[in-house]
Amino acid sequence: MLDHTGFAEIRWGHQIDVFSGSKHESDAHEFDTRGVTFSGVRP
Amino acid sequence: MTQQVLAAKVDRDELREQIQAKYNDVAVEPDKGFHFHTGRPLAAMLGYDEADVDWLPESAVESFAGTGNPFSMGRLAEGEVVLDIGSGAGIDTLLAARQVGSGGRVIAVDMTEAMLEKTRAGAAALGLSNVEARLGYAEELPLESASVDVVISNGVINLCPDKMAVMKEVHRVLKPGGRFQIADILVHKEVPQDAKDDIDLWSG
């Protein structure tokens, strides 16, 4: 998706199991859902 | 991330109403219990510095509902103009305002007025004069083009059915050379289209 919006220097940070222990934990695990950080630059 | 992302077929206005209702509850009843983690325990889980969290007003911390830490991708520089999309109760806005200092500025945009009130109250409590809270949507940002140095966001784009529209708006408002630092949700397994199109699954 980011490739289609013209950003450069895309970087990905670490991923976290943010739903662990929450009410939606089983649903989140079904789709391997993670919290993630990312960054990019407008050229 | 080279796959084209199509907008989900949900009624955008109805979805916005449901999400506004949910996050109004997070603002005014933070102890109610939600399908996601909130508050100080969540901030600790996401790696926020404990001293930073202690500096923030409790009214902002208690309604925090992010999915990561945008500042883990880099600290902001003094004097920068920052946009926080879906700023919620404002903890990222307030931390950003401290990082950019009095020579910088942070614009917090959220579609839930109760959250914006928390951000304004937090800025006032901390004596920050470089924070402005605006009502608006991620897909239609109330900012001029090429007007900000940094866009931050935390756990918001996953709630928007047209993610491409959001990222195009991020591109539009950033100055050339500007950057985004975003935390959000990523699913590693394909979600069935009928689930994507089921509005009741979006806000839980």
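This write-up is about the structure you can find in this document.

Conventions adopted
- Residues numbered from 1 in each chain as written.
- Chains lettered and ligands numbered in written order.
- Predicted model: local features only at pLDDT ≥ 70, side-chain atom pairs only at ≥ 80, totals over all residues.
- Helix = DSSP H or I, 4+ residues; strand = E, 2+ residues; numbered from the N terminus.
- Buried ≥ 20, exposed ≤ 12 C-beta atoms within 10 Å, placed from the backbone.
- Contact = placed C-beta atoms within 7 Å.
- Nonpolar A, V, L, I, M, F, W, Y, C, P; charged D, E, K, R; others polar.
- Pairing = 2+ DSSP bridges.

Structural notes on the overall build of chain A
Item 1. The number of helices and strands found in chain A is one helix and two strands.
Item 2. Overall, chain A shows an N-to-C arrangement of helices and strands of β-α-β.
Item 3. Taking the principal axes of its C-alpha atoms as reference, chain A extends roughly 40 × 20 × 10 Å.
Item 4. Across the 43 residues that make up chain A, the buried fraction comes to 28%.

Focus: the interface of chain B and chain A
Item 1. If you look at the interface, chain B gives 38 residues, while chain A gives 28 residues.
Item 2. Of all elements in the fold, only helix H7 (163-173) and strand S5 (174-187) of chain B reach the threshold of two or more residues within the side of chain B that touches chain A.
Item 3. When residues of the side of chain B that touches chain A are assigned to their parent elements, the largest contribution, 13 residues, is made by S5(B).
Item 4. Classifying every residue of the side of chain B that touches chain A by side-chain character gives 18 nonpolar, 15 polar and five charged.
Item 5. Pairing geometry for strand S2 (residues 33-41) of chain A and S5(B), over nine bridges, is antiparallel.

Description of the environment of Val151(B)
Residues and elements named next belong to chain B.
Item 1. Note that Val151 resides in strand S4 (residues 148-154).
Item 2. Separated by 64 residues in the primary sequence, Val151 and Ser87 have C-alpha atoms spaced 11 Å apart.
Item 3. Every residue in contact with Val151, bar those within four places of it in the chain, is listed here: Leu83, Ile85, Val170, Val173, Leu174 and Phe180.

By themselves, these observations are geometric and do not establish any function.
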